[in-house]
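Chain residues, written in single-letter form:
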Amino acid sequence: MASPGEAAVQGSHVEKKKKPPARYWQESQQEVNDGNKVDKGKDKAEEAVQQKTQKAKKRKQEEHQRDGKKLISGKSDPFPGSAPVPKERMQKFKRKGQIKKSRGQNYMLKDIISRTEEVSEMSQKQAARVDLLLPEDAGFLEGGEEEDTCTISQQDIADAVDITSASKYFNLNLSQFGPYRLDYNRTGRHLVLGGRRGHVACIDWQTKQLMCEINVMESVNDVKWLHSETMYAVAQKKWLYIYDSNGIELHCIRKFNDVLRMQFLPYHFLLATASATGFLQYLDVSVGKEVAAICTKTGRLDVMCQNPHNAIIHLGHHNGTVTLWSPNQKEALVKMLCHQGGVRSVAVDKTGTYMVTSGMDKKLKVYDIRAFKPLKSYFLPSGASCLSLSQRGLLSAATGDIVQVYRDVWSAPVTKPYMAHRVRGSVWGLDFCPFEDVLGVGHGGGFTSMLVPGAGEPNFDGLDANPYRSAKQRQEWEVKALLEKIQPELISLDPTQLGQVDRATFEQRHQDRVQALGFDPFAKGKFIPKYKKKGRSSAGSVEKRKKQVAHEDQRDVIRKTVEAKMKMEKEKKEKKKTTAALSNQKSALDRFKK
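Residues numbered from 1 in each chain as written. Predicted model: local features only at pLDDT ≥ 70, side-chain atom pairs only at ≥ 80, totals over all residues. Heavy atoms only, no water.

1. Side note on the overall build of the chain
No. 1: Helix and strand content of the chain: nine helices and 28 strands.
No. 2: Considering the chain as a whole, with its 594 residues, one finds that 36% of them fall into the buried category.
No. 3: Long-range contacts, defined as pairs at least 24 residues apart, comprise 45% of the intrachain contacts of the chain with a sequence gap of at least 6.
No. 4: Accessible area for the chain stands at about 39,300 Å²; split by element, carbon and sulfur atoms hold 53% of it. (Helix = DSSP H or I, 4+ residues; strand = E, 2+ residues; numbered from the N terminus. Buried < 20%, exposed > 50% of the residue type's maximum accessible area, 1.4 Å probe, protein only. Contact = heavy atoms within 4.5 Å. Areas by Shrake-Rupley, 256 points an atom, 1.4 Å probe, with all protein chains shown as cover.)

Now the structure itself:
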């Protein structure tokens with residue numbers, strides 16, 4: 001007869017294998033065998049771990065070979081897959097903690113919760129990755145211990161940075177036709193140079209490709225890009241000329257004569273010009289017509305800039321005043337006395353908050369345009385002939401042949417410059433390149449492109465000014481910008497006024513209308529009940545309906561009066577509470593009371 005343990009082993013192969021029940025006579029044998037198996041078990045466990053690690057390594061190598069792109073050398077990508085995201089950045093975009101799942105919840109609800117958690121985690125990772133591409137702060141130049149950043153030369157910076165950034169520092173030797181004015185277009189990709197002795201050149205300055213080069217055979221006062229890099233304006237000795245990017249003359253506008261300085265308003269398609277005869281003129285580039293011609297009655301206008309926030313033109317005059325103009329008024333909107341001598345240069349930041357001026361009194365002043373009050377005043381030994389503000393708030397000032405860059409001019413008192421550089425010849429034009437840490441300097445010896453870390457805005461709006469746009473994208477943007485063109489009548493000191501309703505003028509118009517018509521068209525007329533058939537329009541029923549409507553109107557009046565009374569009572573109670581609280585407070589003079 002077989003034991004029950006043997007019977008269990010001899011069962012059919014279909015059944016589940018069951019362990020035979022332990023018997024008391026088998027316990028002694030197991031204890032002896034266990035002692036011998038301990039050492040063997042350890043060896044087997046170690047072998048199994050080694051085999052697993054070897055398999056994992058092989059699997060990883062296969063995945064790398066599958067995912068990683070093979071290079072020319074035949075090696076696979078050493079960093080396959082997406083870049084890891086730091087936990088600190090992930091924590092910044094964390095929305096909520098994980099939801100606790102109770103035991104009694106439905107399985108479908110648990111599935112929905114787990115899926116929403118996966119989606120939120122994925123969006124958190126994506127937001128953290130995008131944040132890596134949009135750094136909040138631009139990198140500035142930082143010196144070592146007891147080292148001033150203004151002592152670091154441009155050559156040292158070019159040697160320390162990468163090859164692409166180092167190529168942005170260069171000099172153009174153009175001493176024959178200088179000094180030069182310059183202008184970068186809105187995308188920061190193209191540069192136009194205008195020499196005093198007639199030399200005009202357009203350059204794709206990043207690739208160093210010359211687009212066109214001409215000599216107009218007369219003196220050039222200023223150059224300015226228009227809405228795109230296909231056209232630019234040149235203020236020549238007599239008249240204003242428009243050229244295309246190939247150097248072909250498109251227009252000669254003889255209404256605009258003796259132009260000294262120009263500014264282009266991109267959202268209004270207006271070219272503002274200041275002339276030697278004291279006229280401020282506006283040209284609509286999209287139509288080709290003169291919008292306004294204002295006689296400022298202040299003499300020669302050779303200091304000009306625009307406020308990018310509200311498209312107001314700032315003009316500096318020889319009597320030390322700065323005036324603000326719009327094409328809608330023949331008189332100046334604001335007149336500010338800024339310097340004791342003549343104004344040499346004016347610059348406004350992109351937010352329209354601060355204005356920086358330099359004058360013949362060798363002072364550099366910072367003004368808050370919102371309150372029209374001075375904030376800071378600095379004394380420069382030689383004065384500043386040219387000023388320019390970058391997108392990140394750096395100020396460049398040229399004194400003779402030295403260009404100095406200042407940082408945080410309006411927030412804290414500045415004792416020394418952030419950077420300094422000497423050029424070959426007196427400076428005639430300064431301009432920061434948009435979206436690049438580059439300052440362009442036009443001087444008597446030609447043109448110099450300086451590296452200024454932290455000057456450009458690192459995050460550009462691809463729908464507004466895209467430095468990498470193609471010809472097709474530029475055409476589409478031009479059509480869209482023309483459709484969204486702002487009319488010159490909307491230019492004002494406070495652009496937020498456009499969204500407000502003028503209640504005073506509305507009431508005045510309503511009163512004029514009432515006087516003209518002889519009655520108030522918005523007044524509520526008397527209730528006239530409709531005629532109803534089948535005996536429902538008897539005199540009694542009509543009177544009842546009239547009284548009902550009158551009672552409803554009376555109820556509305558009573559309701560309003562009750563609400564007004566309640567408000568008055570609340571205000572009185574609050575006043576009583578405040579007076580009681582003040583009376584309960586003890587003062588030092590209470591001891592003199594009888």
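2. Section: the sheet that holds strand S20 (residues 363-368)
No. 1: Judged by pairing direction, the sheet is antiparallel, and its four strands sit side by side in the order S18-S19-S20-S21 without closing on themselves. One side of each edge strand has no neighbouring strand; the edge strands of this open sheet are strand S18 (343-348) and strand S21 (373-379). The average angle at which neighbouring strand axes cross in this sheet is 20 degrees, direction not considered.
No. 2: For S20 and S21, the ladder comprises six bridges, and the chain directions are antiparallel. Directly across from Tyr367, in S21, lies its bridge partner Pro374. (Pairing = 2+ DSSP bridges. Axes fitted to C-alpha atoms, helices over the stretch in contact; angles between N-to-C directions.)

3. Concerning the pattern of salt bridges
No. 1: Considering all chains together, one arrives at 17 salt bridges under this definition.
No. 2: A salt bridge links Asp222 to Arg261; the shortest N-O distance between them is 3.3 Å. One end of the pair, Asp222, is in strand S6 (residues 220-225); the other, Arg261, is in strand S10 (residues 259-265), with 39 residues separating them in the sequence.
No. 3: Among the residues examined, Asp222 registers a relative accessible area of 3% and is labelled buried. (Salt bridge = Lys/Arg side-chain N within 4 Å of Asp/Glu carboxyl O.)

4. Looking at the environment of Thr321
No. 1: Mapped onto the secondary structure, Thr321 falls in strand S16 (residues 321-325).
No. 2: Here Thr321 falls in the buried class, since its relative accessible area comes to 17%.
No. 3: Among residues more than four places away in sequence, those in contact with Thr321 are Leu315, Gly316, Met336, Leu337, Cys338 and Val343.
No. 4: Polar contacts involving the side chain of Thr321 include one to the side chain of Asn319, which spans 2.7 Å. (Polar contact = N/O pair within 3.5 Å; in protein donor to acceptor, adjacent residues only side chain to side chain.)

5. As for the packing of aromatic side chains
No. 1: Using the criterion set out here, one finds nine aromatic pairs in the structure.
No. 2: Here Tyr232 and Tyr243 contribute two aromatic rings whose centre-to-centre distance is 5.9 Å and whose plane-to-plane angle is 25 degrees, an arrangement assigned as stacked. In this pair, Tyr232 sits in strand S7 (residues 231-236) while Tyr243 sits in strand S8 (residues 239-244), placing the two residues eleven residues apart along the sequence. For the pair Tyr232 and Tyr243, one class covers both residues: buried.
No. 3: With a centroid separation of 6.1 Å and 70 degrees between ring planes, the pair formed by Phe435 and Phe460 is classed as edge-to-face. (Phe/Tyr/Trp six-rings, centres within 6.5 Å; stacked < 30°, edge-to-face > 60°.)

6. Observations regarding unusual backbone geometry
No. 1: A cis amide bond links Gly178 with the next residue in sequence, Pro179, at an omega value of 0 degrees.
No. 2: Looking at the element boundaries, Pro179 is found in the loop between strand S1 (170-173) and strand S2 (180-184).
No. 3: If you check the backbone angles, Asp408 has positive phi at about 55 degrees while not being a glycine.
No. 4: Residue position: Asp408 is located in the loop between strand S24 (402-406) and strand S25 (419-422).
No. 5: For Asp408, a relative accessible area of 41% corresponds to the partly exposed category.

7. As for empty space enclosed by the protein
With a probe scaled to a water molecule rolled over the atoms, the places where space remains empty come into view.
No. 1: For the structure on display, the rule yields one cavity of 30 Å³ or more.
No. 2: Estimated volume of the largest cavity: approximately 70 Å³.
No. 3: Forming the walls of the largest cavity are Asn185, Arg186, Thr187, Trp225, Leu226, His227, Ser228, Glu229, Asp464, Ala465, Arg469 and Trp477. (1 Å grid on protein atoms, 1.4 Å probe; cavity = no way out; pocket = protein on both sides within 12 Å on 5 of 7 lines; lining within 4 Å. Points joined across faces, edges and corners; volume = space filled by probe spheres on them.)

8. A look at the layout of surface pockets
No. 1: Within this model, the second largest pocket holds a volume of roughly 460 Å³.
No. 2: Lining the second largest pocket are 22 residues, and of these Ser165, Lys168, Phe435, Glu436 and Asp437 sit closest to its centre.
No. 3: Of the residues in the lining of the second largest pocket, the class split is eleven nonpolar, six polar and five charged. (Nonpolar A, V, L, I, M, F, W, Y, C, P; charged D, E, K, R; others polar.)

9. Let's talk about the sheet that holds strand S22 (residues 386-389)
No. 1: Taking strand neighbours across the sheet as the criterion, the four strands line up as S22-S23-S24-S25 in an open arrangement whose pairing is antiparallel. Of all the strands in the sheet, just S22 and S25 have a single pairing partner and so form its edges. Here the strands of the sheet are splayed against their neighbours by 15 degrees on average, with no regard to which way each runs.

10. Focus: the pairing of S25
No. 1: Taking every second residue as pointing to the same face, the buried face of S25 carries Met419 and His421, while none of Ala420 and Arg422 on the other face is buried.
No. 2: Summarising the sheet, S24 and S25 pair through four bridges and their orientation is antiparallel. Across the sheet, residue Val405 finds its bridge partner in S25, namely Met419.

11. Structural notes on the environment of Gln105
No. 1: Considering the arrangement of structural elements, one finds Gln105 in the loop between helix H3 (87-92) and helix H4 (107-133).
No. 2: Gln105 sits in the partly exposed class, given a relative accessible area of 22%.
No. 3: When neighbours within four sequence positions are excluded, Gln105 is seen to be in contact with Lys100, Lys110 and Ile113.

12. Details of the nonpolar core
No. 1: Ranked by internal contacts, the top residues of the largest apolar core, which has 33 residues, are Tyr184, Trp205, Leu430, Leu439, Val441 and Val452.
No. 2: If you list the elements that add at least two residues to this core, you get helix H5 (154-160), S2, strand S3 (190-195), S24, strand S26 (427-432), strand S27 (438-443) and strand S28 (446-451).
No. 3: Ignoring anything within four residues of it in the chain, the contact list for Leu439 reads Ser396, Val403, Val405, Leu430, Asp431, Phe432, Thr448, Ser449, Met450 and Val452. (Core = buried A, V, L, I, M, F, W, Y, C linked by side-chain atoms within 4.5 Å.)

13. Overview of the confidence of the model for the chain
No. 1: The predicted model of the chain averages 84 in pLDDT, with 83% of residues at 70 or higher.
No. 2: In the predicted structure, residues 1-16 sits below a pLDDT of 50 and forms two contacts with residues beyond four places in sequence or in another chain. (pLDDT = per-residue confidence, 0-100.)

14. Remarks on a nonpolar patch on the surface
No. 1: Taken together, Tyr267, Ile486, Leu490 and Leu498 make up a surface patch of nonpolar side chains, about 350 Å² in accessible area.
No. 2: On the secondary structure map, Leu498 appears in the loop between helix H7 (471-483) and helix H8 (503-517).
No. 3: Since its relative accessible area comes to 52%, Leu498 is described here as exposed. (Patch = residues over 30% accessible without salt bridge, like charges linked within 9 Å, V, L, I, M, F, W, Y side chains within 5 Å.)

15. Observations concerning H8
No. 1: Taking 1.5 Å per residue as the helical rise, H8 with its 15 residues ought to reach 21 Å, and the 21 Å between its terminal C-alpha atoms agrees with that figure.
No. 2: Once H8 ends, the next one or two residues include Gly518, with phi positive near 90 degrees. (Expected span 1.5 Å × (residues − 1).)

16. Digging into the pairing of strand S9 (residues 249-257)
No. 1: As judged from the five bridges shared by S8 and S9, these two strands associate in the antiparallel manner. By the bridge assignment, Trp239 is partnered in S9 with Asn257.
No. 2: Counted along the chain from S8 to the antiparallel partner S9, the turn is four residues long, and its residue Gly247 has a positive phi close to 85 degrees.

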